[in-house]
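Examining the three-dimensional arrangement
As a plain string of letters, each chain reads:
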Amino acid sequence: MQKLHSFLYRLSRLSVWIFGAGYLAIALATTADVLMRWLFSISTPAVYEVSGYIFAVATTWGFAFVLFERAHVRIDVVYQALGPRLRALADLLALLALTLFVAVLTWRAWLTLDETLLFDSRARTALQTPLWIPQSLWLAGLAYFLLCLVFLSTYVLLLILRGRSAEVGTIAGIPHVAQHGGTAPGAAATRGGSAP
């Protein structure tokens, strides 16, 4: 399981680098368009259309990396007061809830793409972009995120069943709580203790 975890993480990190370059391209193209408008009164609306596609696709492909980095926003008021087993169960519950939400989102994205393919839909712009192109990439990002969620949920469940709840925090827990053994950083410093 650890090898598969590492592989999925590396793939998500690669996608972040690739689509991060897309964000850079958006910034450069937008800057160039602004300068062209200012200097020569020439505008290229296609820049904004393509930027929207890149932004949507890059966002969905970034979700998995954020998942593996444990950077999604979570409320930890009660969480940090729980023991390792209850924290592991809370992590599993959070993963399952997110998995359900993303499954519905992915299904709806598929229905959107299916309709686009059925009617050969194109953007109502000068480019007349076939919408199945950005929508396919967008759906692929959501599907990969869903795959990673299913894997991580299974991994966490297996760790709990094997009595290794303490390890769950390192792959699915709230980072600052896991680093300080279930206490808030300030609390550990007040006691003069060091994080395990």
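This write-up is about the structure you can find in this document. Here the residue numbering is sequential within each chain, running from 1 through the sequence in written order. Restriction of local features to residues with pLDDT of at least 70 applies here, the model being predicted, together with a cutoff of 80 or more for giving and counting side-chain atom pairs; totals for whole chains, interfaces and linings are based on all residues. The basis for every side-chain value is the complete set of heavy atoms in the structure, and neither hydrogens nor water enter the calculation.

1. As for the packing of aromatic side chains
Each Phe, Tyr or Trp ring, with Trp reduced to its six-membered ring, pairs with another whose centre is within 6.5 Å; inter-plane angles below 30 degrees give stacked pairs, above 60 give edge-to-face pairs, and intermediate values give tilted ones. If you walk through the whole model with that rule in mind, you get seven aromatic pairs. Taking the centre distance of 5.9 Å and the plane angle of 25° together, the rings of Y9 and F65 count as stacked. Here Y9, found in helix α1 (residues 2-40), pairs with F65, found in helix α2 (residues 46-68); they are 56 residues apart in sequence, far enough to count as distant. Their ring planes at 45° and their centres at 5.3 Å tell us that F63 and F145 sit as a pair that is tilted. Taken together, the residues F63 in helix α2 and F145 in helix α4 (residues 132-161) connect sequence positions 82 residues apart. Among the aromatic side chains, those forming a connected cluster through ring pairs are Y9, F65 and F68. Charge-over-ring placement is defined geometrically: NZ (Lys) or CZ (Arg) within 6 Å of the ring centre, and within 35 degrees of the ring normal. For the cation-ring pair, R74 lies above Y79, with the distance from its terminal atom to the ring centre recorded as 5.3 Å. Of note, R108 hangs over the ring of W107, and the distance from its end group to the ring centre comes to 5.6 Å. Elements are defined by DSSP. Helices are runs of H or I of four residues or more, strands are runs of E of two residues or more, and each kind is numbered from the N terminus.

2. Remarks on the pattern of salt bridges
Salt bridge, as applied in this entry: a Lys or Arg side-chain nitrogen positioned within 4 Å of an Asp or Glu carboxyl oxygen. Considering all chains together, one arrives at three salt bridges under this definition. For the salt bridge of D91 with R74, the shortest nitrogen-to-oxygen distance reads 2.6 Å. Remark: R74 occurs in the loop between α2 and α3 (84-119) and D91 occurs in helix α3; sequence separation between them is 17 residues. The rule is simple: take the accessible area with a 1.4 Å probe, protein chains only, and divide by the maximum for that residue type; under 20% is buried, over 50% is exposed, in between is partly exposed. Here R74 falls in the partly exposed class, since its relative accessible area comes to 29%. Residues E167 and R164 are paired through a salt bridge, measuring 2.8 Å at the closest nitrogen-oxygen approach.

3. Thoughts on the nonpolar core
L67, L95, C148, L152, V156, V168 and I171 are the most contacted members of the largest nonpolar core, which has 24 residues in total. Sorting the residues of this core by element identifies α2, α3, α4 and α5 (165-172) as the ones contributing at least two each. The residues touching C148, leaving out its near neighbours within four places in the chain, are L8, A64, L67 and F68. For the purposes of this section, nonpolar cores are sets of buried Ala, Val, Leu, Ile, Met, Phe, Trp, Tyr and Cys residues that join through side-chain atoms within 4.5 Å. Contacts were defined at the residue level, with two residues in contact if any of their heavy atoms lie within 4.5 Å.

4. Let's talk about unusual backbone geometry
Not every positive phi belongs to a glycine, and R70 is a case in point at roughly 60°. Position of R70 relative to the elements: it lies in the loop between α2 and α3. Taking the relative accessible area as the measure of exposure, R70 reaches 21% and is therefore partly exposed. Phi is positive for D120, close to 50°, though the residue is something other than glycine. Inspection of the secondary structure puts D120 in the loop between α3 and α4. We classify D120 as partly exposed; its relative accessible area is 47%.

5. Re the side chain of D91
Judged by its relative accessible area of 2%, D91 falls in the buried class. If near-sequence neighbours (up to four positions away) are discounted, D91 is found in contact with R74, Y79, V168, G169, A172 and G173.

6. Some words on the packing of α3 against α4
Fitted lines through C-alpha atoms serve as axes, helices being fitted only where they are in contact, and the angles separating the N-to-C directions of these axes extend from 0 to 180 degrees. The interhelical angle for the contact between α3 and α4, taken along N-to-C directions, is 155°, at an axis separation of 8 Å. As the angle between them shows, α3 and α4 are arranged roughly antiparallel. Both α3 and α4 take part in a crossing whose hand is left-handed. Following the grouping adopted for this structure description, the nonpolar residues are Ala, Val, Leu, Ile, Met, Phe, Trp, Tyr, Cys and Pro, the charged ones are Asp, Glu, Lys and Arg, and the polar ones are all others, Gly among them. Its residues assigned to classes, the contact of α3 with α4 shows 26 nonpolar, seven polar and one charged. In what follows, roughly perpendicular refers to angles from 65 to 115 degrees, roughly parallel to angles under 35, roughly antiparallel to angles over 145, and oblique to any angle outside these ranges. In a left-handed crossing the near helix is turned counterclockwise from the far helix by less than a right angle, and in a right-handed crossing that turn is clockwise.

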